[in-house]
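# Tertiary structure, described
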Amino acid sequence: MRNKIVRLLFSLAVLVFAAAFEEMLPKALGVGFPLLLSAVQFHAVRRSLPAVAAFSAAAGAAEDAISSLPLFTSVSYFLAVALAARRLDIPRAAILFSYPLYQIWLSIWVNDLYGSVFSRMIVSVPMGIAVMFAGWAVLSWM
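Here we summarise the structure given alongside this text. (Residues numbered from 1 in each chain as written. Predicted model: local features only at pLDDT ≥ 70, side-chain atom pairs only at ≥ 80, totals over all residues. Heavy atoms only, no water.)

Inspection of every chain in the model, using the stated rule, returns 5 aromatic pairs. Each ring, one from Tyr77 and one from Tyr102, has its centre 5.2 Å from the other, and the planes form 40°; the classification is tilted. You can see Tyr77 sitting in helix H4 (residues 73-87) and its partner Tyr102 sitting in helix H6 (residues 98-109), a full 25 residues away along the chain. Both residues of the pair, Tyr77 and Tyr102, belong to the buried class. (Phe/Tyr/Trp six-rings, centres within 6.5 Å; stacked < 30°, edge-to-face > 60°. Helix = DSSP H or I, 4+ residues; strand = E, 2+ residues; numbered from the N terminus. Buried < 20%, exposed > 50% of the residue type's maximum accessible area, 1.4 Å probe, protein only.)

Following this line, the structure appears as structure tokens:
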């Protein structure tokens, strides 16, 4: 019982701090650091399915709220990425490109994003890869 409470509190702390840092860190061409997406992918392979679904939905809702996106835009993508990382035999290298795919997902659902989808893709590839590696390293250390 105690271990479950510690995991819940850790997940809540990660959710709050990742959302706060994602909002405060600077953005390049409208593309920010995908800290919440990195946390979702980290938890996807380490937690139970109900915990992963709840964390992914909460992280997606936080992303929608801080980015002023339409309701369930990020929630649906975060749930799909978490389930894909959990259930499919996708190598970790393919998961690193989930942030550029997220930019394509956003361009499908939101037509007035800052910058074109191509300029966002150019920035999101290196930024997504760097944040995924750094996020996994920090969360593994914690």
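Here the narrative resumes.
Turning our attention to the environment of Ala82. One can find Ala82 in helix H4. In the structure, Ala82 is positioned 43 residues away from Ala39 in sequence and 10.0 Å away in space, judged by C-alpha atoms. When neighbours within four sequence positions are excluded, Ala82 is seen to be in contact with Val40, Ala44, Val52 and Ser56. (Contact = heavy atoms within 4.5 Å.)

Counting 33 residues, the largest nonpolar core has Leu36, Leu37, Phe78 and Tyr102 as the members making the most contacts within it. Put simply, the parts of the chain that give this core at least two residues each are helix H1 (2-24), helix H2 (35-44), helix H3 (49-67), H4, H6 and helix H7 (117-141). Here Leu36 is in contact with Leu15, Ala18, Ala19, Glu22, Ala59, Ala62, Glu63, Ile66 and Phe78, once residues within four sequence places are set aside. (Core = buried A, V, L, I, M, F, W, Y, C linked by side-chain atoms within 4.5 Å.)

On to the side chain of Ser38. Structurally, Ser38 can be placed in helix H2. On the accessibility criterion, Ser38 (2% relative accessible area) is buried. If we ignore the near neighbours within four places in the chain, the residues touching Ser38 are Val131, Met132, Gly135 and Trp136.

Next up on the list: unusual backbone geometry. The phi angle of most residues is negative, glycine excepted, and most peptide bonds adopt the trans form. Here the phi dihedral of Phe72 falls at roughly 70°; this positive angle occurs in a residue that is not glycine. For Phe72, a relative accessible area of 52% puts it in the exposed group.

Where nonpolar side chains cluster on the molecular surface, the patch consists of Ile5, Leu8, Leu9 and Leu12 and spans about 380 Å² of accessible area. Looking at the element boundaries, Ile5 is found in helix H1. (Patch = residues over 30% accessible without salt bridge, like charges linked within 9 Å, V, L, I, M, F, W, Y side chains within 5 Å. Areas by Shrake-Rupley, 256 points an atom, 1.4 Å probe, with all protein chains shown as cover. Salt bridge = Lys/Arg side-chain N within 4 Å of Asp/Glu carboxyl O.)

Along the chain, His43 turns up in helix H2. Given a relative accessible area of 1%, His43 falls into the buried group. Discounting residues that sit within four places of it in the chain, His43 has contacts with Phe10, Ser11, Val14, Val52 and Phe55.

At a minimum axis distance of 8 Å, the contact between H1 and H2 shows a crossing angle of 155°. Classified by the interaxial angle, the pair formed by H1 and H2 is roughly antiparallel. On H2, the residues that touch Phe10, Ser11, Val14, Leu15, Ala18, Ala19, Phe21 and Glu22 of H1 are Leu35, Leu36, Ala39 and His43. (Axes fitted to C-alpha atoms, helices over the stretch in contact; angles between N-to-C directions. Parallel < 35°, antiparallel > 145°, perpendicular 65-115°, else oblique.)

Among the 10 residues of H2, 9 are classified as buried, and the element is accordingly described as predominantly covered. Of all the positions in H2, only Leu36, Leu37, Ser38, Ala39, Val40, Gln41, Phe42, His43 and Ala44 are classed as buried.

This part covers the packing of H6 against H7. The relative placement of two packed helices comes down to the angle between their axes together with the axis-to-axis distance. One way to put it is that H6 packs onto H7 with a least axis distance of 7 Å and a crossing angle of 145°. The handedness of the crossing between H6 and H7 is right-handed. When H6 is examined against H7, the residues Ser98, Tyr99, Pro100, Gln103, Ile104, Leu106 and Ser107 are found in contact with a partner set consisting of Val117, Arg120, Met121, Ser124, Val125, Gly128 and Met132. The residue makeup of the contact of H6 with H7, split by class, is 8 nonpolar, 5 polar and 1 charged. (Left-handed = near helix turned anticlockwise from the far one by under 90°. Nonpolar A, V, L, I, M, F, W, Y, C, P; charged D, E, K, R; others polar.)

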